[in-house]
Amino acid sequence: LAARLQILAKAPWSWATQASLDMALRVREFSVVAEMLLFSGQYLDIVPFIVTQKEVNFKVKTLLEELESDTKATSEDPELMQHVLTEIRLWKQEADLSPSEGGVPQPDLDGCEKWLPELVNTLTS
């Protein structure tokens, strides 16, 4: 089902993407929802969604690579990358302050040295 929702979400019709997002939410496929948000260029919605749903199976590197390669989005909003990086930094701070069980999950920052060296270096120290 998740694979079919991803295929449908890639259709050029916005209603198909929205229907796929709704179905993925209903069946609690949060990683699929995050991927659909990524695919549809809703970069600013991804981090808050992951934090709210406590989705831990999302690689932040994927978000940053996709955003960096999206020249249309970054030309329309030159500050977009900085906004997303701020969201990730806030996510990390919130995760550090919350208890491990039932709290905000730690972001998966593997491979994010290029964008967030200050956060990745603290993990390896």
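The following paragraphs examine the structure supplied in this document. Fair warning: this is a prediction, and the values are worked out from it, not measured in the lab. (Residues numbered from 1 in each chain as written. Predicted model: local features only at pLDDT ≥ 70, side-chain atom pairs only at ≥ 80, totals over all residues. Heavy atoms only, no water.)

Following the criterion strictly, the structure yields five salt bridges and no others. The salt bridge partner of Glu65 is Lys61, with a shortest N-O separation of 3.7 Å. Residue Glu65 and its partner Lys61 are located together in helix H5 (residues 60–69), separated by four residues, close to a single helical turn. Take Glu65: its relative accessible area is 38%, and that puts it in the partly exposed class. A salt bridge links Glu118 to Arg89; its shortest N-O distance comes to 2.6 Å. Of the two residues, Glu118 is situated in helix H8 (residues 117–124) and Arg89 in helix H7 (residues 80–97); the sequence distance between them amounts to 29 residues. For Arg89, a relative accessible area of 26% puts it in the partly exposed group. (Salt bridge = Lys/Arg side-chain N within 4 Å of Asp/Glu carboxyl O. Helix = DSSP H or I, 4+ residues; strand = E, 2+ residues; numbered from the N terminus. Buried < 20%, exposed > 50% of the residue type's maximum accessible area, 1.4 Å probe, protein only.)

Checked against the element boundaries, Ile46 lands in helix H4 (residues 43–53). The spatial distance from the C-alpha of Ile46 to the C-alpha of Glu35 is 8.6 Å, given a sequence separation of eleven residues. Dropping the residues within four chain positions of it, Ile46 is found in contact with Ala34, Leu37, Leu38, Phe58 and Leu63. (Contact = heavy atoms within 4.5 Å.)

Attention now goes to helix H3 (residues 30–39). Counting buried residues in H3 gives seven out of ten residues, a clear majority hidden from the surface. Following H3 by one or two positions, Gly41 adopts a phi angle in the positive range, close to 75°.

In helix packing, the relevant descriptors are the interaxial angle and the interaxial distance, both defined with respect to the helix axes. Interhelical geometry of H4 versus H5 gives an angle of 170° and a closest axis separation of 11 Å. Considered as vectors, H4 and H5 are oriented roughly antiparallel to each other. Of the residues in H5, those in contact with Tyr43, Ile46 and Val47 of H4 are Leu63, Glu66 and Leu67. Per-class residue counts for the contact of H4 with H5 are five nonpolar, no polar and one charged. (Axes fitted to C-alpha atoms, helices over the stretch in contact; angles between N-to-C directions. Parallel < 35°, antiparallel > 145°, perpendicular 65-115°, else oblique. Nonpolar A, V, L, I, M, F, W, Y, C, P; charged D, E, K, R; others polar.)

What follows covers the layout of surface pockets. As a volume, the largest pocket reaches approximately 180 Å³. Surrounding the largest pocket, Leu38, Phe39, Ser40, Gly41, Tyr43, Glu66, Asp70, Lys72, Ala73 and Glu76 form its lining. Of all the secondary-structure elements, those providing two or more residues to the lining of the largest pocket are H3 and helix H6 (71–76). Among the elements that line the lining of the largest pocket, the one with the most residues is H6, at three residues. (1 Å grid on protein atoms, 1.4 Å probe; cavity = no way out; pocket = protein on both sides within 12 Å on 5 of 7 lines; lining within 4 Å. Points joined across faces, edges and corners; volume = space filled by probe spheres on them.)

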